[in-house]
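Chain by chain, the residues run as shown.
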Amino acid sequence: MSLFFRNATILSMDKVHGVTPFSGDLLVEGDRIVAIGANLPVPAGARVIDAGRKLLMPGLVNAHLHSCETFFKGRYHGMPLEVWMLYSYPILMKEPISERLLYLRSLLTAMESLKAGVTTLVDDFFDPPGFDLNRLKLVFDAYDHAGIRANVSHCVIDKHVFDTMPYLRELMPQDLQDEVEGPSITPDEYIAYCQAVFATQHGRAGRLGFMISASAPQRCSTEMMQAGMGMAQAKGVAYHTHVLETKTQAVTGPKFYGRSLIRYMHEIGILTPNTTIAHSIWVSEDDIALMGEAGCSVAHNAISNLKLGSGIAPIRRLLDAGVHVGLGTDGLSSNDTARIFDVMRLAALLHEIATPDTERWMTAAEVLRSATIEGARTAMLGQVTGSLEVGKRADLLMIDLSGYDYMPLNRLDHHLVYCENGSSIRMVIANGEVVVEDGKLLTIDEAEIFAELGELLPAYLAEHAYLENLNARFEPYIREMYRRATVQNIGINRYQGDMPLWPGPDRRAG
Ligand SMILES: [Zn+2]
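As recorded in an unreviewed UniProt entry, the chain goes by 5-methylthioadenosine/S-adenosylhomocysteine deaminase and comes from Rhizobium azibense. A UniProt comment under Sequence similarities (unreviewed entry) is attached to the chain, and it reads "Belongs to the metallo-dependent hydrolases superfamily. ATZ/TRZ family."

What to know about the layout of surface pockets
Reported here for the largest pocket is a volume of approximately 1100 Å³. The wall of the largest pocket is formed by 47 residues, among which P90, F126, P128, I157 and V161 lie closest to the centre. Secondary-structure elements contributing two or more residues to the lining of the largest pocket are helix 1 (81-88) and helix 9 (247-257). Ranked by the residues each element gives to the lining of the largest pocket, the list is headed by helix 1, at 5 residues. Here the lining of the largest pocket is composed, by residue class, of 23 nonpolar, 14 polar and 10 charged. By volume, the second largest pocket amounts to about 400 Å³. Lining the second largest pocket are 22 residues; nearest its centre among them are M93, E95, P96, I97 and Y460. Counting residues per element, the ones that place at least two in the lining of the second largest pocket are helix 2 (99-115) and helix 18 (446-472).

Examining helix 2
The end-to-end C-alpha distance of helix 2, which contains 17 residues, comes to 24 Å, matching closely the 24 Å that a straight helix rising 1.5 Å per residue would cover. With 13 of its 17 residues buried, helix 2 lies for the most part within the structure.

Section: the packing of helix 15 (residues 364-371) against helix 17 (residues 412-419)
Direction vectors running N to C along helix 15 and helix 17 enclose 70°, while the axes themselves pass 9 Å from each other. With respect to their mutual orientation, helix 15 and helix 17 come out roughly perpendicular. Considering only the axes of helix 15 and helix 17, their crossing is left-handed. Each of A364, A365, V367 and L368 in helix 15 lies in contact with helix 17, whose residues at this interface are D413, H414, L416, V417 and Y418. For the contact of helix 15 with helix 17, the per-class residue count stands at 7 nonpolar, 1 polar and 1 charged.

Section: the coordination of the zinc ion
Protein coordination of the zinc ion is provided by H64 (NE2), H66 (NE2), H242 (NE2) and D330 (OD), with donor distances spanning 2.0 to 2.7 Å. Of note is the zinc ion, whose 4 donor atoms meet at the metal with angles of 85 to 175° in an arrangement that counts as irregular.

Remarks on the UniProt feature "domain: Amidohydrolase-related" (unreviewed entry) in the chain
Mapped onto this structure's residue numbering, the UniProt feature "domain: Amidohydrolase-related" (unreviewed entry) falls at residues 56-435. For residues 56-435, the end-to-end C-alpha separation is 15 Å, with 39% helix and 15% strand making up the annotated structure.

As for the pairing of strand 11 (residues 239-243)
Burial of strand 11 is extensive: 5 of the 5 residues sit out of reach of the surface. The alternating pattern of strand 11 places Y239, T241 and V243 on one face and H240 and H242 on the opposite face, and all of these are buried. Examined bridge by bridge, strand 10 (residues 212-213) and strand 11 share 2 bridges and lie parallel to one another. Bridge pairing in strand 11 places I212 opposite Y239. Both strand 11 and strand 12 (residues 275-279) contribute to a ladder of 5 bridges, which runs parallel. By the bridge assignment, H242 is partnered in strand 12 with A278.

Description of the environment of A216
Its location among the elements puts A216 in the loop between strand 10 and helix 7 (222-227). Since its relative accessible area comes to 0%, A216 is described here as buried. For the pair A216 and S334, spaced 118 residues apart in sequence, the C-alpha to C-alpha distance is 17 Å. Beyond its immediate sequence surroundings of up to four residues, A216 is in contact with M225, T241 and H242.

Some details on the pairing of strand 3 (residues 32-37)
Summarising the sheet, strand 2 (residues 22-29) and strand 3 pair through 5 bridges and their orientation is antiparallel. Paired with E29 across the strands is R32, a residue of strand 3. Between strand 2 and strand 3, which pair antiparallel in sequence order, lie 2 residues; one of them, G30, sits at a positive phi of approximately 60°.

Focus on the sheet that holds strand 6 (residues 60-65)
Ordered by their spatial adjacency, 4 strands build an open sheet running 6-7-8-9, and the pairing between neighbours is parallel. The sheet is open, and its two edges are formed by strand 6 and strand 9 (208-210), each paired on a single side. Adjacent strand axes in the sheet meet at a mean angle of 10° when their direction is disregarded. Two elements, strand 8 (residues 149-152) and strand 9, share 3 bridges in a ladder whose sense is parallel. The partner of N151 across the bridge, within strand 9, is G209.

Quick look at the packing of aromatic side chains
A full pass over the atoms with the stated rule returns 12 aromatic pairs. Here a set of aromatic residues connected by ring pairs shows up, and it is made of F71, F72, Y76, Y87 and Y460. A cation sits over an aromatic face here: K235 above F198, 4.9 Å from the ring centre. One residue, R473, lies across the ring of F474, its end atom 5.8 Å from the ring centre.

Conventions adopted
Residues numbered from 1 in each chain as written. Predicted model: local features only at pLDDT ≥ 70, side-chain atom pairs only at ≥ 80, totals over all residues. Heavy atoms only, no water. UniProt positions renumbered as here; feature names shortened; annotations may be inferred. 1 Å grid on protein atoms, 1.4 Å probe; cavity = no way out; pocket = protein on both sides within 12 Å on 5 of 7 lines; lining within 4 Å. Points joined across faces, edges and corners; volume = space filled by probe spheres on them. Helix = DSSP H or I, 4+ residues; strand = E, 2+ residues; numbered from the N terminus. Nonpolar A, V, L, I, M, F, W, Y, C, P; charged D, E, K, R; others polar. Expected span 1.5 Å × (residues − 1). Buried < 20%, exposed > 50% of the residue type's maximum accessible area, 1.4 Å probe, protein only. Axes fitted to C-alpha atoms, helices over the stretch in contact; angles between N-to-C directions. Parallel < 35°, antiparallel > 145°, perpendicular 65-115°, else oblique. Left-handed = near helix turned anticlockwise from the far one by under 90°. Contact = heavy atoms within 4.5 Å. Donors = N, O, S within 2.8 Å, 3.2 Å for Na, K, Ca; no water. Tetrahedral: all angles 85-135°; square planar, octahedral: opposite > 155°, others 65-115°. Pairing = 2+ DSSP bridges. Phe/Tyr/Trp six-rings, centres within 6.5 Å; stacked < 30°, edge-to-face > 60°. Lys NZ or Arg CZ within 6 Å of the ring centre and 35° of its normal.

Given below as structure tokens:
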């Protein structure tokens, strides 16, 4: 069915208008936007929606998330990444999550994302210990049923966990080390697996895609890091990875490879326009220059980076260098919600403490670009979504401009970034389909899913609490590793936005 929005305020985020709103009608036919303009004729049979005092804007892009964390929202506090991972991604585990809960977990992630205005989700899926096509298919099933656009990976790690962090081998007692088996996938096996996913899931429903993901350069062998890049480039999909998120990781590059992790990636040929780097906090001037030359992307996870005490990414410098920047929640344990509007607000404010130079603060317009068109670019979907343009897929939000957040309306881009939290969303359209209307998800029976989760989750979370206890024995050694790496890192000349966060003299390079 066609959707005809009459007399809307339109924030297209296209090259011509940017964040300057204009009035007009917008017509959706099938999965696409087919017309935008004043006084358009209404096609026969179209559903006409009065969009007076309503805003149409592109659906938001969540450029980085891990659906495997969704049942751990609100569970942890006061842990840096390396300690938090011990519990959210337990080293010692028993059975992987059941297939039904795996499906429901992805579904819940999509449901809350859609209601929060996210129409494109990038799920860096993690499912140790194996690579099972049927289990990954359940993730695609969930996103298919929910109606969201999604890039899904199956994240690979091929190094033993104790070899992915500095100092751990010397700190961890041998009997504890002996309890943990390493992963057993080869680059060839990962490639064969990815080929099978591309053959069966990629392009599904016209809105689901597969992408390559090697967890991080310190968690994978050089051969594994290199393995998927050719395929990502041939398929035109993103190559997703995590780089320099934490203070510990700043030590890791020099210790493991004798150079920064970004320079290492550059030298092994995996810094390309397809590369999307989650975090990019502890990067140097040299790293930023390499990233800019490569034309790669960064997913900026402002809330997760604060929750885990990781640091503040130097977003202004990355933008200056020509790096594409999208916004991510990261998993819903390190962020606790799927709301990109929250990330937008924080991203807009956070960098104001990084420099006293107000010219270098993030503008609302830049934040909106990151949440829409540039976010789409980080997912290699810039030609598909992220702006309201004729010919593009119809991923859009209709926002009510008559509520508190817009009374009075001064400057729309500011209201969307500084005032809005998603509560003014009246309609969400993904790939031409109305998926949320007046606060209700139309694709899924929310009450039914909540009832089933209510039945199944207590036993699952009790089992997880058992795993937490089992894994707690490793914590003192990981905390000591973190302390050592962090202390050592204070002496390393690294960027922290434009201002050193550690006490002492300005440590900017040069
Ligand atoms: Zn991540």
